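Summary of structural features
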Amino acid sequence: MVRVVQRGAQRTKAIVTALHNYSRTDDESVVDFDIDRSIDDSLELLRHLLKDKTVTKRYGDVGRVRGHAGQVNQVFMNLLTNAAQALSGRADATITIETSGDADAVAVKIQDNGQGIPPEVLPRIWDPFFTTKDVGEGTGLGLSIVHELVERHGGTIECKTTVGAGTVFTVKLPRQIPLAVAARRKGASLLSRSG
């Protein structure tokens, strides 16, 4: 009984820590943050979706990047949620996460071994409100938001998929959000507040 209570307390502490890290930054502020830790926090918060799936992490020596931490956390949360949902009901469900980086940029690959995305659907995955999920299961905004947030950071996202063999999303982010992008973001934020 004591071991069960201790495990429950440790799990609660891990969730509270992940929530704290996940929400610790204001969307408007540019901060230095650890990419691997952001992924780990997202995994912790999604543990209920991942409990019957194998998650393999291959972290490189990525270090820190400068940007909007909360927005990047949202990118990982959405991509990992989609990967988990793509694996629903699969016996050998596996998600593989790889991080790598150099002096200028970091790359994060999130791969699943699900059914893949049909070729006729692939061109529409970034469209707002487009979804292949059943009614009530998705809004069709997840990948649209991901695409927007990655672009806000001056980064890129690409999707490679094979029907029956899975999908891999690769997010590339500069080490530091470009000044022009940050200035546009700040200007848009000021306009939205005044309007």
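One can find the structure itself at the top, above this paragraph.
Now for a quick tour of the structure. (Residues numbered from 1 in each chain as written. Predicted model: local features only at pLDDT ≥ 70, side-chain atom pairs only at ≥ 80, totals over all residues. Heavy atoms only, no water.)

Strands sit in the order β2-β4-β5-β7-β6 across an open sheet of five strands; the sheet is mixed. Looking along the sheet, the strands with just one partner apiece sit at the ends: β2 (54-59) and β6 (156-162). Strand-to-strand twist of the sheet, defined as the mean angle between neighbouring strand axes without regard to direction, takes the value 10 degrees. Pairing of strand β5 (residues 105-112) with strand β7 (residues 166-174) involves eight bridges; the strand directions are antiparallel. Within β7, the residue paired with isoleucine 110 across the bridge is phenylalanine 169. Set on the sheet, helix α2 (residues 35-45) makes contact with β2, β4 (94-101), β5 and β7; between it and β2 the angle comes to about 170 degrees. (Pairing = 2+ DSSP bridges. Helix = DSSP H or I, 4+ residues; strand = E, 2+ residues; numbered from the N terminus. Axes fitted to C-alpha atoms, helices over the stretch in contact; angles between N-to-C directions. Contact = heavy atoms within 4.5 Å.)

A word on the environment of glycine 63. In this structure, glycine 63 sits in the loop between β2 and β3 (64-67). On the basis of relative accessibility, which here comes to 32%, the residue glycine 63 falls in the partly exposed class. Considered as a pair, glycine 63 and arginine 175 are 112 residues apart in the sequence and their alpha carbons are 9.5 Å apart. Each residue touching glycine 63, except ones within four places of it in the same chain, is listed here: Phe33, Asp34, Ile35 and Arg175. (Buried < 20%, exposed > 50% of the residue type's maximum accessible area, 1.4 Å probe, protein only.)

Right, let's get into the packing of aromatic side chains. Note on aromatic pairs: each is described by the distance of the centres and the angle between the planes. Going through the model one piece at a time under the given rule, you end up with one aromatic pair. Summarising the aromatic geometry, the rings of tryptophan 126 and phenylalanine 169 are spaced 6.0 Å apart at their centres and angled 75 degrees between planes, so their arrangement reads as edge-to-face. Here the residue tryptophan 126 occupies a position in the loop between β5 and α5 (142-152), and phenylalanine 169 occupies one in strand β7, the gap between them amounting to 43 residues. Take tryptophan 126: its relative accessible area is 22%, and that puts it in the partly exposed class. (Phe/Tyr/Trp six-rings, centres within 6.5 Å; stacked < 30°, edge-to-face > 60°.)

Where a strand is regular, its side chains alternate between the two sheet faces. Counting buried residues along β7, eight of its nine residues qualify, which places the element largely inside the surrounding structure. With seven bridges joining them, β6 and β7 adopt antiparallel strand pairing. Its bridge partner being in β7, threonine 156 is matched across the sheet by lysine 172. Hairpin connection between β6 and β7: a loop of three residues separates the two successive antiparallel strands, and glycine 164 in this loop has a positive phi of roughly 85 degrees.

Taken as a whole and judged by the stated rule, the model has nine salt bridges. Notably, a salt bridge pairs aspartate 32 with arginine 66, separated by 3.4 Å at the nearest N-O pair. Residue aspartate 32 is found in strand β1 (residues 31-34), and its partner arginine 66 is found in strand β3; the two are separated by 34 residues along the sequence. The class of arginine 66 is partly exposed, set by a relative accessible area of 31%. The shortest N-O distance in the salt bridge between arginine 90 and aspartate 92 comes to 3.0 Å. Judged by relative accessible area, arginine 90 falls into the partly exposed class, the value being 27%. (Salt bridge = Lys/Arg side-chain N within 4 Å of Asp/Glu carboxyl O.)

On to α5, then. At 3.6 residues per turn, the α-helix brings residues three or four places apart onto the same side. The set of residues buried in α5 consists of Leu143, Ser144, Val146, Leu149 and Val150. Residues of α5 that are buried in the fold lie against α4 (69-86), β6 and β7. Of the residues flanking the end of α5, it is glycine 154, one or two places downstream, whose phi is positive at about 75 degrees.

When you line up the elements, asparagine 78 lands in helix α4. In this structure asparagine 78 comes out as buried when scored by relative accessible area, which is 13%. Residues in contact with asparagine 78, not counting those within four places in the same chain, are Gly142, Ile145 and Val146.

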